Amino acid sequence: MAYQTINPSTGEVIKRFTEISDADLDATVAEAQAAFETWRQQPVKHRAKVLNAVAAKLRENAEEYARYLTLEMGKLIAEARGEVALSAAIIDYYAARAEAYLKPQPLPEAPGSIVEARPLGIIFGVEPWNFPYYQLARVAGPQLMVGNVVMIKHASNVPQSALAFAQLFEDAGAPKGLYTNLFANFEQVARLIDDPRIRGVTLTGSERAGAIVAERAGRNLKKSVMELGGSDPLIVLEDAPFEPTLDNALWGRMNNTGQSCVAAKRIIVVGKNRGAAFLEGLKARMGALKTGDPFDPDTTLGPVCSEQAMHRLLEQIEAASNGGAEVVLGGGRVKRPGFYVEATILTSISRDNPIFRQELFGPVMSFYVVDSEEEAIALANATPYGLGGSVFTADLTRGRRLAARIESGMVFVNHPTWTAPELPFGGVKRSGYGRELSELGFGEFVNRRLINVSPVGAPPPGVNQGG
Ligand code: NAP
């Protein structure tokens, strides 16, 4: 693992970065700990001012910040601008809401008792490359407003984006140690998790990394949040409006070049005739995507993030095909420099096909046709994952009823799974545990401290336990 920028649209190595030394790592933890001692005492209004300034800097330099994303992980430039705006919105959201979220809660059943939310200390995040700022905003926004401080090990292929995000805090006049970017290796990650000054661990990424980091956190009895992979179903019922649902399925599967944890990776259409028509519609739309430089506004299909990611996808397509799946669109590498995979559709995927249970992290769609709503639900839930899911139907009551049967952390009716500051984000099963965003994300690394005040000589609170 080396921290470096490789332009995925050309394969060119742009810049390499050196890892932090063990001595410097220790010094930065000490700096973060010192920052925490001061930051935790600051009034919420002061914290909000700092975070608003961070969001303002991000907006002020939106174009420069968007360009780092496109350069380092190949996101289409329009989508990169969208991510910058969303990240700033998340930070502002928590700056605005923290005061209400932090209000001590009286316990009506226990007079004299309140529960207050206190910060824990340094929260350590291990983050992925697919939404390089959004992932950081999901951690930094709530945790800094709670009064915690944050240290981040970002993905090794987005070092300039990682540095740029950290720079926002410096530019906003935040105290040193409030937000720290670390070019750390895996051994150092393990050491940090063991360090008693680190009080919570959050990871967004693959199941493999999640299991390693969660195990380490567990051994240290530290709270962790795991935001892991997904293979979200998108169910199309007979009554869903045809064209708009096609557009949604396309966007749900292909945004961010298909590299989203909540992408609609499995399209499940109810009804044979509808299924056949829907597949033709998808083939036409996906086949019309235009491969090119992600900086070019006319490009609609960018590269995947790395050579390794490209080879992994191509191997998965081959394994799917060897296992009996039909490749009805694409299936190969695009003949041009860089790491491009054709927009691909797989059908006839049997339950014993290796990719039936795998996540396809790129522009590859699994397409299924079933005979009934019951079959659609059974197929939707036949996955080790449980992140998001969606149902498309003109009948909202039916949509709600079906949504309630999908085993996942998020379900949307008539929209692919998506994200907003106020919507809790996270999964069940092998998609992980805990939530980010909304008030739920705010509460993950908090000491909900009970304070009970009784008059001198009062009996113990609660039901008289005798004796
Ligand atoms: P990944 O390999 O797990 O990488 C994610 C982060 O974990 C990176 O910073 C990576 O560092 C680090 N990491 C990997 N192995 C580690 C280890 N043994 N010890 C410590 N750190 C380790 O994930 P990815 O393949 O790049 O990202 C895609 C995955 O993330 C997909 O499965 C996707 O669904 C999931 N994801 C989930 C969510 C969610 O909210 N649920 C959001 C986005 C993505 P290096 O870069 O240095 O390897």
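If you're wondering where the values come from, they're calculated on a predicted model, not measured in any experiment. All residue numbers here refer to positions counted from 1 along the written sequence of the relevant chain. Local features in this predicted model are restricted to residues of pLDDT 70 or higher, and side-chain atom pairs are both shown and tallied only at a pLDDT of 80 or more, whereas totals for entire chains, interfaces and linings draw on every residue. The basis for the side-chain values is all heavy atoms of the structure; hydrogens and waters are excluded.

### Describing the packing of aromatic side chains
Next up, step 1: Two rings belonging to Phe, Tyr or Trp (six-membered ring only in the last case) form a pair when the distance between their centres is within 6.5 Å. Interplanar angles under 30 degrees mark stacking, angles over 60 mark edge-to-face geometry, and anything in between is tilted. In total, this model carries 17 aromatic pairs according to the counting rule given.
Next up, step 2: Consider the rings of Y133 and F165, whose centres lie 6.2 Å apart with planes at 20 degrees: the pair is stacked. Placement of the pair is Y133 in the loop between β5 (122-126) and α5 (134-146) and F165 in helix α6 (residues 159-171), with a sequence separation of 32 residues.
Next up, step 3: Working definition: with a 1.4 Å probe on protein chains only, accessible area under 20% of the residue-type maximum means buried, over 50% means exposed, and in between means partly exposed. By relative accessible area, which is 0% here, F165 ends up buried.
Next up, step 4: Here the aromatic cluster, defined as three or more aromatic residues joined through ring pairs, consists of Y65, Y68, Y133, F165, F169 and Y179. Put simply, DSSP marks the helices as runs of H or I at least four residues long and the strands as runs of E at least two long, and each gets a number from the N terminus on.

### Looking at the side chain of S161
Next up, step 1: Examined against the element boundaries, S161 turns out to sit in helix α6.
Next up, step 2: Classification of S161 as buried rests on a relative accessible area of 0%.
Next up, step 3: Filtering out sequence-adjacent residues up to four positions away, S161 remains in contact with Y68, L69, E72, P132 and Y133. When checking whether two residues touch, look at their non-hydrogen atoms; a contact exists if any pair is within 4.5 Å.

### Structural notes on the packing of helix α3 (residues 62-73) against helix α4 (residues 77-101)
Next up, step 1: Inter-axis angles, ranging from 0 to 180 degrees, are taken between N-to-C directions of lines fitted to C-alpha atoms, where helices are fitted over the stretch in contact. Running from amino to carboxyl end, α3 crosses α4 at an angle of 120 degrees, the nearest separation of the two axes being 8 Å. Relative to α4, the element α3 lies oblique. Classified by chirality, the crossing of α4 by α3 is right-handed. Packed against α3, whose contacting residues are A62, E63, Y65, A66, R67, L69 and T70, the element α4 presents I77, A80, R81, E83 and V84 at the interface. An angle below 35 degrees is read as roughly parallel, one above 145 as roughly antiparallel, one from 65 to 115 as roughly perpendicular, and any other as oblique. Crossings are classed by handedness, with left-handed meaning an anticlockwise turn of the near helix from the far one by less than a right angle and right-handed meaning a clockwise turn.

### A look at the domain arrangement of the protein chain
Next up, step 1: As assigned here, the protein chain comprises domain 1 (3-228 + 431-452) and domain 2 (233-413).
Next up, step 2: Relative placement of domain 1 and domain 2: their C-alpha centres are 30 Å apart.
Next up, step 3: In this complex, domain 1 contributes 24 residues to the contact, which on the side of domain 2 involves 26 residues.
Next up, step 4: Buried area is calculated as the accessible area (1.4 Å probe) missing from two parts once they are joined, with the contributions of both summed. Carbon and sulfur atoms supply 58% of the area that domain 1 and domain 2 bury against each other, a total of about 2000 Å² over both sides.
Next up, step 5: When residues of domain 1 are sorted by the area they lose upon contact with domain 2, S9, L76 and S431 head the list and together hold 26% of the total.
Next up, step 6: The term salt bridge refers to a pairing of a side-chain nitrogen on Lys or Arg with a carboxyl oxygen on Asp or Glu at a separation within 4 Å. Our enumeration of links across domain 1 and domain 2 arrives at zero salt bridges.
Next up, step 7: Under the rule applied, a polar contact is a pair of N or O atoms within 3.5 Å (in protein, one hydrogen donor and one hydrogen acceptor; residues adjacent in sequence only if both atoms are side-chain atoms). Taken together, the links from domain 1 to domain 2 amount to nine residue pairs in polar contact (both at pLDDT 80 or more).
Next up, step 8: Taken together, the elements giving at least two residues each to the side of domain 1 that touches domain 2 come down to α3 and α4.
Next up, step 9: With five residues, α3 is the single largest residue contributor to the side of domain 1 that touches domain 2.
Next up, step 10: Residue composition of the side of domain 1 that touches domain 2, grouped by class: nine nonpolar, nine polar and six charged. Marked domain ranges trace back to an automatic or database domain assignment. The residue classification treats Ala, Val, Leu, Ile, Met, Phe, Trp, Tyr, Cys and Pro as nonpolar and Asp, Glu, Lys and Arg as charged. All others, Gly included, are polar.

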